[in-house]
Every structure is written in structure tokens, then in C-alpha cells.
Amino acid sequence: MKIALIQFAPVFGDLKSTIESLKVLLFRAKEADLVVLPELANTGYNFDSREEAFGQSETVKDSVFLDFIQESCLQYNFTVVTGFSEKDGDQLYNSAVLMNATGLVGTYRKLHLFMNEKNIFEKGNLGLPVFIVDDVKIGILVCFDWMFPEVWRKLALQGVDLILHPSNLVLPYAQSVIPSYALVNRIFIATANRIGTEKELSFTGQSIIVNPRGEVLAKADMLEQILFVDIDPELARDKMITKNNDVFKDRRTDIYE
């Protein structure tokens, strides 16, 4: 599977301009099987209020942004995971959606809200679903979910080969711990971060793809960039770290759950 991470800056509150930028970037990523966009790619991030966020958000069933993503999937024959500010009735979620040429495949809603997000979004209520794309088992986390090792381990125990991680990271820590999460869970991780500044927030870029050995396969800088990596999911299905040690079977679940 060829993965492309698109690191860019959505235009805050200007969906038309964001789509125009993505038209160029998705064309450049057309050789990929799976494309990953950052968190809240349809709106930008730094809302002043819940009302402002709600006014810019869309539902998964009626979305100009997701219609554009689906059209791109149809045109280039790839699958896309993108951050998405999601309205559902009177609720608002910081979500990530999985799209292909047929439309919406599934949705993940961010479990762990960061700073002012707590005043804007509801906590995710869809758990930790697992999706299958081209026989690869995929989990999704969003940005600040990175801080909680339980979610990485639970997805790994559910058999995922790859965790996709759309992000708007502002703290300088996540990219340095992603290799450790990949190693201890023996999975691939692809973090698609954004760049740029919105009001007082500056985003850290440095999108990263890591293999089950904790080795960095590709890492971006602080500019608009696309990372391409070919992965072999079979590497994530081998949990042996020595000839005598399976990192999951050796867990002492009699001591810790």
C-alpha cells in the first residue's frame, strides 16, 4: 500500500479556497492508494466560539467538502482519511472520516479534546472502530488522542496494521513519541499534521510515518509537503521482537488488564 500524507494549511473559514488548494495537492498525490489529510481540514482550527464552529461545519450526509473528496477518490482511485468538523443535529464533533469513490466508509470522533476544544465539541461517542482498506486493517486517532497510550494499545489489540492520525499539533512532543508507540504496538503510524498560524496558534508540521520497528520512514519539515511511503502490512502482523518474545502474548494480564 502506498500512503500519501498531505501537510498543508486549510484556509480558516474559507472552504472554497481550501478546496482549491487541495485540488492541486490531491492531484500530486494521485499515485497513492491511501491519502491522509490533517485534522479539521474542512474549516481550520482556531474558532472563537462554538457558534462560529457550528456555522462553518457540515454533516457527513450533506457536505460540499466531502462531495469534493469523494469526487477526488473517484477521479484518482484512492481512499482518503480527512479531519472534518462534523455537525450531527445540534451536536458538534471533531471527527475524521474515511472516504472512497463510493462515498462515506466510516467516521471516527475524537475522544480526547484539547484546550478550548472542550468548549466547542462534544466528546467522541463512536469508540475506536477498525476499518479495512485493501485488506489493511486501519484505526484512526485525531491529534491530542496521541497523549493517551491506551487508545493506541486498544486499536493494536483489535488487530490494526496501521493507525492514521490527522492532527493540528501545536505542542512540540507528539512527533517524538510516535516512533515509540509504533514500536511497542508493532504497527505502522502515519501522522498528518498541518502547518501555518491561526491567530495565536502556530502549528508544528513535521508530519511523520513510522514502521513497526519504530523506524521513521519519512518526516516532513515545516512547509507544505506530501510524504509518500510504501508499506508492507505483514510487518505489523509479526509481533515477535525476539525469537522467544511475542509482545502481545508476553503481556502479564494476570497483573494488569
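Residues numbered from 1 in each chain as written. Predicted model: local features only at pLDDT ≥ 70, side-chain atom pairs only at ≥ 80, totals over all residues. Heavy atoms only, no water.

- With an unreviewed UniProt entry as reference, the protein chain is termed Carbon-nitrogen hydrolase, source organism Labilibaculum euxinus.

Concerning the overall build of the protein chain
Thinking step 1. The number of helices and strands found in the protein chain is 5 helices and 16 strands.
Thinking step 2. In summary, the protein chain has a C-alpha radius of gyration of 17 Å against a globular reference of 18 Å for 257 residues, a match within 12%.
Thinking step 3. Here the C-alpha coordinates of the protein chain stretch approximately 55 × 40 × 35 Å along the principal axes.
Thinking step 4. Out of the 257 residues in the protein chain, the part that is buried amounts to 54%.
Thinking step 5. Taking contacts inside the protein chain between residues at least 6 apart in sequence as the whole, the part at least 24 apart equals 67%.
Thinking step 6. Summing over all exposed atoms, the protein chain offers an accessible surface of approximately 11,400 Å²; the carbon and sulfur share of this is 50%.
Thinking step 7. Distance between charge centres in the protein chain, computed from 26 positive and 35 negative side chains, equals 5 Å. (Helix = DSSP H or I, 4+ residues; strand = E, 2+ residues; numbered from the N terminus. Rg over C-alpha atoms; globule rule 2.2 N^0.38 Å. Buried < 20%, exposed > 50% of the residue type's maximum accessible area, 1.4 Å probe, protein only. Contact = heavy atoms within 4.5 Å. Areas by Shrake-Rupley, 256 points an atom, 1.4 Å probe, with all protein chains shown as cover. Lys, Arg positive; Asp, Glu negative; His and termini not counted. Charge placed at Lys NZ, Arg CZ, Asp CG, Glu CD.)

So, the packing of helix α1 (residues 15-28) against helix α3 (residues 64-76)
Thinking step 1. Axis separation between α1 and α3 bottoms out at 11 Å; the angle between their running directions is 15 degrees. It follows from the interaxial angle that α1 and α3 lie roughly parallel. Between α1 and α3 the crossing geometry is right-handed. Together, Leu15, Ile19, Leu22, Lys23, Leu26 and Phe27 of α1 and Val64, Phe65, Phe68, Ile69, Ser72 and Tyr76 of α3 make up the contact between the two elements.
Thinking step 2. Grouping the amino acids of the contact of α1 with α3 by side-chain chemistry returns 10 nonpolar, 1 polar and 1 charged. (Axes fitted to C-alpha atoms, helices over the stretch in contact; angles between N-to-C directions. Parallel < 35°, antiparallel > 145°, perpendicular 65-115°, else oblique. Left-handed = near helix turned anticlockwise from the far one by under 90°. Nonpolar A, V, L, I, M, F, W, Y, C, P; charged D, E, K, R; others polar.)

Some points on the nonpolar core
Thinking step 1. The biggest cluster of nonpolar side chains holds 60 residues, and the ones touching the most others in it are Ile3, Trp152 and Leu162.
Thinking step 2. Discounting residues that sit within four places of it in the chain, Ile3 has contacts with Ala32, Leu34, Val36, Leu162, Ile209, Leu227, Phe228, Val229 and Ile231. (Core = buried A, V, L, I, M, F, W, Y, C linked by side-chain atoms within 4.5 Å.)

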